[in-house]
Amino acid sequence: MSEKKTVVLPVSDGAIAYAADIIKRGGLVAFPTETVYGLGASAYYPGAAKKIYEAKGRPSDNPLIVHVSEPNEAEDFAVVQSEFYRLAERFMPGPLTVVLKKTEKIDPSVTGGLDTVAVRCPEHPAARALIKASGCPIAAPSANRSGSPSPTEAAHVLADLDGRIDAIIDGGPCRVGVESTVISLDGDGGCTILRPGDVTADMLAEVMRSVRIAGAVTDPSLSGDRPLSPGMKYKHYSPRAEVIAYEGALEEMIDAANCDPAPRVGAIVPDGYADQVKGTALLSGDGGADDMCHAFFSLLRQADELSLDRVYVRVPPKTGKFLALYNRLIRAAGGKITTPEN
Ligand code: AMP
Ligand code: MG
């Protein structure tokens, strides 16, 4: 692919207008959302989605999420049920993606050949302003090279995609830090979580009759040939460093990291534990789910900048917002969980 000049833009009215013009002409713009940075192209411009796949090196059967500035814009390209609006009222704009039946208006290249389309209305003001100014829905996966940790800062996008995309809007660090919750509607008043995120099962249960969690969320080996959410089957979120998902008490994990014979070992620990790590302490704030999710991808990238060989991360519970972290961590660790016994 030909090298292009990637322009880094501030968040301003002029920059949004400039970026929208790129989108209207079929170009690629990375933009901040409340979850991670997205790599956007017009969902309607012929051939634009293909450019996203090329820039990321993304397998073409892994569908893109289509972003709208208002929930009702989904009616232009999807079959929208009343349940979608019930969810929208409670969670949109915000970090929730809903899979709906698509109409002819969306090219199959956007949806990885599926007859469904994933819809999200982001809450980040720059993302909404960009979609509004572009005058079309924006197809956008995370703005990283396929397989590497998702970008939560403009610098991460530049590190992966400089010269491969037209522009980046720099809106500072993303609030949530992990990608949106993706759900499908089951047709019986219930929904299934295909990918966990900041909108939790308990929150969804406030508006849905039942909330199921797809098996692949906690067991990557179930992301087989015909997964519910195709993105789940690929190697994901992986830095060059080996990620050790450690199931045990924090002190046990720190002991294991301190005894690891590899030359450069790091451990993701809450701020107060920095002194106990012999190698590199990668600090995750208060260690709660919000801080951990916010820091996780950024710390994996930091591990590579520091050329660490291994990074220890404690396996979180599979509950609440921690489920999103659990899902990313086991994939980053290649599906392997390490315990004090093994
Ligand atoms: P990313 O954009 O990198 O956050 O990845 C988008 C995620 O949404 C991937 O895991 C996709 O498999 C999932 N996704 C997008 N569209 C659909 C769809 N139509 N059905 C099921 N999952 C989808
Ligand atoms: Mg992604």
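Provided above is the structure to which this section pertains.
Everything numeric in this text was worked out from a predicted model, so none of it was measured. (Residues numbered from 1 in each chain as written. Chains lettered and ligands numbered in written order. Predicted model: local features only at pLDDT ≥ 70, side-chain atom pairs only at ≥ 80, totals over all residues. Heavy atoms only, no water.)

Visitor: Pulling in residues and values, what's your account of the pairing of strand 7 (residues 116-120)?
Guide: Summarising burial for strand 7: four of the five residues are buried, a large majority. Here three bridges tie strand 4 (residues 65-67) to strand 7, and the two strands are oriented parallel to one another. Following the sheet pairing, His 67 is matched in strand 7 by Arg 120. (Buried < 20%, exposed > 50% of the residue type's maximum accessible area, 1.4 Å probe, protein only. Helix = DSSP H or I, 4+ residues; strand = E, 2+ residues; numbered from the N terminus. Pairing = 2+ DSSP bridges.)

Visitor: So, the sheet that holds strand 13 (residues 242-246): which residues are in play, and what are the values?
Guide: Pairing is parallel in the open sheet, where five strands are placed in the order 15-14-16-13-17. The open sheet has two free edges, formed respectively by strand 15 (280-283) and strand 17 (337-338), since each of these has just one partner strand. Two elements, strand 13 and strand 16 (residues 310-314), share five bridges in a ladder whose sense is parallel. Paired with Glu 242 across the strands is Arg 310, a residue of strand 16. With respect to the sheet, helix 8 (residues 289-305) is in contact with strand 13, strand 14 (265-269), strand 15 and strand 16, its orientation differing from that of strand 15 by roughly 145°. (Contact = heavy atoms within 4.5 Å. Axes fitted to C-alpha atoms, helices over the stretch in contact; angles between N-to-C directions.)

Visitor: Hey, could you go over the packing of helix 8 against helix 9 (residues 322-332) for me, with residue numbers and the actual values?
Guide: Close contact between helix 8 and helix 9 brings their axes to 9 Å; oriented N to C, the two are set at 25°. Comparing the axis directions of helix 8 and helix 9 gives the class roughly parallel. Where helix 8 crosses over helix 9, the handedness of that crossing is left-handed. When helix 8 is examined against helix 9, the residues Ala 289, Met 292, Cys 293, Phe 296, Phe 297 and Leu 300 are found in contact with a partner set consisting of Phe 322, Ala 324, Leu 325, Arg 328, Leu 329 and Ala 332. (Parallel < 35°, antiparallel > 145°, perpendicular 65-115°, else oblique. Left-handed = near helix turned anticlockwise from the far one by under 90°.)

Visitor: Give a description of a negative patch on the surface that names residues and reports values.
Guide: Residues Glu 251, Glu 252, Asp 255 and Glu 341 make up a contiguous surface patch of negative charge. Examined against the element boundaries, Glu 251 turns out to sit in helix 7 (residues 250-259). Classification of Glu 251 as partly exposed rests on a relative accessible area of 42%. (Patch = residues over 30% accessible without salt bridge, like charges linked within 9 Å, V, L, I, M, F, W, Y side chains within 5 Å. Areas by Shrake-Rupley, 256 points an atom, 1.4 Å probe, with all protein chains shown as cover. Salt bridge = Lys/Arg side-chain N within 4 Å of Asp/Glu carboxyl O. Lys, Arg positive; Asp, Glu negative; His and termini not counted. Charge placed at Lys NZ, Arg CZ, Asp CG, Glu CD.)

Remember, this is a structural readout, not a statement about activity or role.
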